[in-house]
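# Breakdown of the fold
Chain by chain, the residues:
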Amino acid sequence: MKSKKLFTGILSLSVFMLIFLISSTLSARDYYQIKVYNLKDKKQETAVDNYLKDAFLPALHKTGIKKVGVFKPVESDTANYGKKIFVFIPLKGIEQIEKIEESLAKDKDYQTKGAAYINAPFDNPPYVRLESILLKAFSAQPDFFAPKFSTPKGEQIFELRSYQSATEKIYQKKVEMFNEGGETEIFKKIGANAIFYGEVLSGSEMPNLMYMTSYENMKSNENCWKAFRDHPDWKTLSAKEEYKNTVSKITKYMLYPADYSDI
């Protein structure tokens, strides 16, 4: 009798653990870090490019992060062209950030190849400022997406958007609009190739969300946005009273991937 009860108890525990593991796997959402390098001239841009290409990206690959995106403003963006570099780092857990720093500190190849950047003197830094934004993926798209385009990287467009809200409560309604409301589904229907949608957990423009869509060229970007504005689902969704005034400011960057970007 005791052995039967023991067996039943073990079986129940095993079933519970299996359900827990499956549930955890199904509900898992990516985290993202976006590093934004602010630059003053071509010399700094080259210094950061060399560091990212020769040292940082290879070091991240060794930690198991195989796809890292590096993006720059298009030439027509005269205010930001040559002045910013965006680095998109997908993470499976927030604890990876600390592990990456520990790994870089021990990586001799990284230290050697990134020496010019790492050991830059105070009067000749490789950038003006470096911003770090931490995000958690939307439930509607828990994993990031890496598109494949046939066009040259210089023609491809990756549009990064930030939507600010007046308060945290209003911001949550905008996130809801993307998830439960179906805004992400509309982007999917028009073929916007969303790389990610993310809730900003730490950044300089909170409360805000960010997302990135991608296109084979600028014409494709323009066509998709026209299709979005004209889509009946968007007209219905945007007319709902509960979602009005959920965005107080929109910031967008039209970007192209660096030639060494994994995305």
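Residues numbered from 1 in each chain as written. Predicted model: local features only at pLDDT ≥ 70, side-chain atom pairs only at ≥ 80, totals over all residues. Heavy atoms only, no water.

### Thoughts on the overall build of the protein
What counts is decided by this rule: The helix count covers DSSP runs of H or I at least four residues long, the strand count covers runs of E at least two residues long, and both are numbered beginning at the N terminus. Burial here depends on accessible area, computed with a 1.4 Å probe over protein chains only, as a share of the maximum for the residue type. Under 20% is buried, over 50% is exposed, and the range in between is partly exposed. The criterion used for residue contact is that any of the two residues' heavy atoms lie within 4.5 Å. Only the protein chains shown count as covering a residue, and every accessible area follows the Shrake-Rupley method with a 1.4 Å probe.
The helix and strand inventory of the protein stands at nine helices and eight strands. The buried share of the protein, reckoned over its 263 residues, is 44%. Contacts in the protein between residues at least 24 apart in sequence constitute 80% of all its contacts with a sequence separation of at least 6. Counting only carbon and sulfur atoms, one obtains 56% of the accessible surface of the protein, whose full area is about 14500 Å².

### Some words on empty space enclosed by the protein
Filter applied, for reference: Grid points spaced at 1 Å and placed over the protein atoms alone form the basis of the search, with a cavity being a set where a 1.4 Å probe fits but cannot get out and a pocket an open set showing protein on both sides within 12 Å along at least five of seven lines. Lining residues have an atom within 4 Å of a point. Grid points are joined across faces, edges and corners, and a volume is the space filled by probe spheres set on the points. Amino acids outside the nonpolar list (Ala, Val, Leu, Ile, Met, Phe, Trp, Tyr, Cys, Pro) and the charged list (Asp, Glu, Lys, Arg) are all regarded as polar, and Gly is one of them.
Inspection of every chain in the model, using the stated rule, returns one cavity of 30 Å³ or more. Of the voids in this model, the largest cavity is the one considered here, and its volume is about 30 Å³. It is helix H3 (residues 96-106) that provides the largest number of residues to the lining of the largest cavity, a total of three residues. Its residues assigned to classes, the lining of the largest cavity comprises four nonpolar, one polar and two charged.

### Here we look at the pattern of salt bridges
For clarity, the cut-off: Here a salt bridge means any side-chain nitrogen of Lys or Arg lying within 4 Å of a carboxyl oxygen belonging to Asp or Glu.
Counting across every chain of the model gives 17 salt bridges. The residue Asp 107 makes a salt bridge to Lys 62 at a minimum N-O spacing of 2.9 Å. Of this pair, Asp 107 sits in the loop between H3 and helix H4 (108-113) while Lys 62 sits in helix H2 (residues 42-62), placing them 45 residues apart in sequence. The exposure class of Asp 107 is buried, given its relative accessible area of 11%.

### Some thoughts on the pairing of strand E7 (residues 208-215)
Heads up, the rule is: Two strands qualify as a pair provided that DSSP identifies no fewer than 2 bridges between them.
Among the eight residues that make up E7, eight are buried, leaving the element largely enclosed by the rest of the structure. In E7, alternate side chains face the same way, and those of Asn 208, Met 210, Met 212 and Ser 214 on one face and Leu 209, Tyr 211, Thr 213 and Tyr 215 on the other are all buried. Sheet topology note: the strand E5 (residues 157-164)/E7 ladder contains eight bridges and is antiparallel. Note on E7: the bridge partner recorded for Arg 161 is Tyr 211.

### A short note on the side chain of Gln 156
The condition is simple: Here a polar contact is recorded for every N or O atom pair within 3.5 Å, except that within protein the pair must consist of a potential hydrogen donor and a potential acceptor, and residues adjacent in sequence are included only if both atoms are side-chain atoms.
Its place among the elements puts Gln 156 in the loop between strand E4 (129-137) and E5. Looking at Gln 156, its side chain comes within polar contact range of the main-chain oxygen of Thr 151, at 2.8 Å.

### Considerations on unusual backbone geometry
One can expect most non-glycine residues to show negative phi and most peptide bonds to be in trans. Cis geometry is found at the peptide bond from Met 206 to Pro 207, where omega equals 0 degrees. Relative to the helices and strands, Pro 207 is located in the loop between strand E6 (196-202) and E7. If you check the backbone angles, Asn 193 has positive phi at about 50 degrees while not being a glycine. Here Asn 193 shows up in the loop between helix H7 (183-189) and E6. The class for Asn 193 is partly exposed, based on a relative accessible area of 29%. Unlike most non-glycine residues, Asn 245 shows phi in positive territory, near 60 degrees. Mapped onto the secondary structure, Asn 245 falls in the loop between helix H9 (232-238) and strand E8 (249-257).

### Side note on the environment of Gly 191
Turning to its location among the elements, Gly 191 is positioned in the loop between H7 and E6. For the pair Gly 191 and Ser 214, spaced 23 residues apart in the sequence, the C-alpha separation amounts to 9.1 Å.

### Thoughts on the pairing of E4
With eight bridges connecting them, strand E1 (residues 31-38) and E4 associate as antiparallel partners. Bridging across to E4, Tyr 31 finds its partner in Lys 136.

### Thoughts on the nonpolar core
Threshold: As used here, the term nonpolar core means buried Ala, Val, Leu, Ile, Met, Phe, Trp, Tyr and Cys residues forming a set that is joined through side-chain atoms within 4.5 Å.
Of all hydrophobic cores here, the largest spans 25 residues; its most connected members are Phe 178, Phe 187, Tyr 197, Leu 209, Tyr 211, Trp 225 and Phe 228. Counting only elements with at least two residues in this core, the list comes to E5, helix H6 (168-178), H7, E7, helix H8 (218-230), H9 and E8. Counting residues per element, this core draws most heavily on H6, at four residues. Apart from the residues within four sequence positions on either side, Tyr 211 is in contact with Glu 159, Leu 160, Arg 161, Tyr 163, Phe 178, Phe 187, Phe 196, Tyr 197 and Trp 225. Counting residues in hydrophobic clusters, the runner-up holds 24 residues, among them Leu 39, Ala 55, Val 70 and Val 87.

### Points about the packing of aromatic side chains
Which entries qualify depends on this criterion: Classification of ring pairs uses Phe, Tyr and Trp, with its six-membered ring standing for Trp, and accepts pairs whose centres are within 6.5 Å; under 30 degrees between planes counts as stacked, over 60 as edge-to-face, and the remaining range as tilted. Either the NZ atom of lysine or the CZ atom of arginine qualifies as a charge over a ring when it sits within 6 Å of the ring centre and within 35 degrees of the ring normal.
In the structure shown here, the tally under the stated rule is 27 aromatic pairs. Taking the centre distance of 5.2 Å and the plane angle of 50 degrees together, the rings of Tyr 32 and Phe 196 count as tilted. One end of the pair, Tyr 32, is in strand E1; the other, Phe 196, is in strand E6, and 164 residues separate them in sequence. Each of the two residues, Tyr 32 as well as Phe 196, counts as buried. On the basis of an interplanar angle of 65 degrees and a centroid distance of 6.0 Å, the ring pair of Tyr 51 and Tyr 110 is categorised as edge-to-face. Here Tyr 110 lies in helix H4 and Tyr 51 lies in helix H2, a separation of 59 residues in the sequence. In this structure, Arg 161 packs its charged tip against the face of Trp 225, placed 4.0 Å from the ring centre.

These results come straight from atomic positions and should not be treated as a statement about function.
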